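# Coordinates in review
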Amino acid sequence: RSTDVWHAAGDLVAFAPDTISGLVFWFMGNCTYWQDSGRTTPAVADGDPVAAWDDSSVGANHATTATAGYRPTLKTGANGINGVSVLRFDGNDDNLVTAAVTSTKPFTLFAVCKPTTFASRAGVVGSPAAGGMSAILTTDGKQEMLKSGTTVISDSTTALSAATSCLVEMTYTSGGVYTFYKAGVADGTGTNNQTFTSQSTVLGKDPGSYGGAMLGD
């Protein structure tokens, strides 16, 4: 068919996010990490600091930090998630920043996380200043969509579980209709139409009020 790709049995191919039209970034486990923001020294061993995480989309919107104290830690093998390497954030100031802009509508966000606890609000993606789009996990384990520093758009209906791998899933339409998902099933929807300011994206932290820093993977 003209709109689909069909495969005969035995010729199946895996889905890849980089086939999605309009993909802004794809930060993938088991990809290329660097110990320096200039991306010259690879981070490959368990415990290496990560100053740069390569974007696997065609946009090459790599996320970096030049500050040593802000670097999350690479965890590999059995210390990752299902054998896939992860970055471990300290719940304080660890974060990486990409120039890619996500503070526009519509948007869709998927993120695999393993928060250590929900003792404090955990930033999944954030904005460097008030007015951008942010997504966090609340202290009761719910997914929350924010206009950073100004407005809580809404929370999901049910909580995720701490110390367990989970999938953050949310969408926001041009008209301000939000939907959260849990395991692919809608888990809270409504309308709260906000206008965002266009700015870069912070991974692992939302610095604004209502925000917080990720403690976990």
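Numbers given for residues are sequential positions, taken from 1 along each chain in its written order. Given that the model is predicted, a residue must reach a pLDDT of at least 70 before its local features are reported, and side-chain atom pairs must reach 80 or more before they are shown or counted; all residues, however, enter totals for whole chains, interfaces and linings. The side-chain numbers reported here are obtained from all heavy atoms of the structure, hydrogens and water having been left aside.

### Brief notes about the overall build of the protein chain
We apply this condition: Secondary structure counts use DSSP, requiring at least four H or I residues in a row for a helix and at least two E residues in a row for a strand, with both numbered from the N terminus. Restricting the calculation to C-alpha atoms gives the radius of gyration, and the globule rule supplies 2.2 Å times the number of residues raised to the power 0.38. Relative accessibility under 20% of the residue-type maximum defines a buried residue, over 50% an exposed one, and the middle range a partly exposed one, all with a 1.4 Å probe and only protein chains included. It only takes one pair of heavy atoms within 4.5 Å for two residues to be counted as in contact. Under the convention used here, a 1.4 Å probe and the Shrake-Rupley method define accessible areas, while residue burial counts only the protein chains that appear. We score Asp and Glu as negative and Lys and Arg as positive, and we do not count His or the chain ends. The atoms used to mark charge sites are NZ of Lys, CZ of Arg, CG of Asp and CD of Glu.
Within the protein chain, the regular secondary structure consists of zero helices and 18 strands. Over its C-alpha trace the protein chain gives a radius of gyration of 17 Å, about what one expects of a compact globule, namely 17 Å for 217 residues. Dimensions of the protein chain, computed from the C-alpha atoms along their principal axes, are close to 50 × 45 × 30 Å. By residue count, 42% of the 217 residues in the protein chain fall in the buried class. Of the contacts formed within the protein chain by residues at least 6 apart in sequence, a portion of 59% connects residues at least 24 apart. Accessible area of the protein chain: about 10200 Å², with a carbon and sulfur share of 54%. Placing the 12 positive and 18 negative side-chain charges of the protein chain at their respective mean positions leaves the two points 5 Å apart.

### Details of the sheet that holds strand S13 (residues 177-182)
Where we set the bar: A strand pair is defined by DSSP finding two or more bridges across the two strands. Here, axes are lines fitted to C-alpha atoms. For helices the fit covers the stretch in contact, and angles between N-to-C directions go from 0 to 180 degrees.
The sheet built from four strands is open, its strands ordered S7-S12-S13-S14 with antiparallel pairing. Single-partner strands in this sheet number two, and they are strand S7 (107-113) and strand S14 (185-191). The average angle at which neighbouring strand axes cross in this sheet is 15 degrees, direction not considered. Bridge count for S13 against S14 is five bridges, and the pairing is antiparallel. Note that in S14 the partner of Tyr181 across the bridge is Ala186.

### A short note on the sheet that holds strand S4 (residues 73-75)
Strand pairing in a sheet takes place through backbone hydrogen bonds and is either antiparallel or parallel in direction. Strand order in the open sheet formed by three strands is S4-S5-S18, and the pairing between neighbours is antiparallel. Both outer strands of the open sheet, S4 and strand S18 (215-216), are each paired with one neighbouring strand and no more. Bridge analysis of S4 against strand S5 (residues 86-90) gives three bridges, and the strand direction is antiparallel. Paired with Thr73 across the strands is Arg88, a residue of S5.

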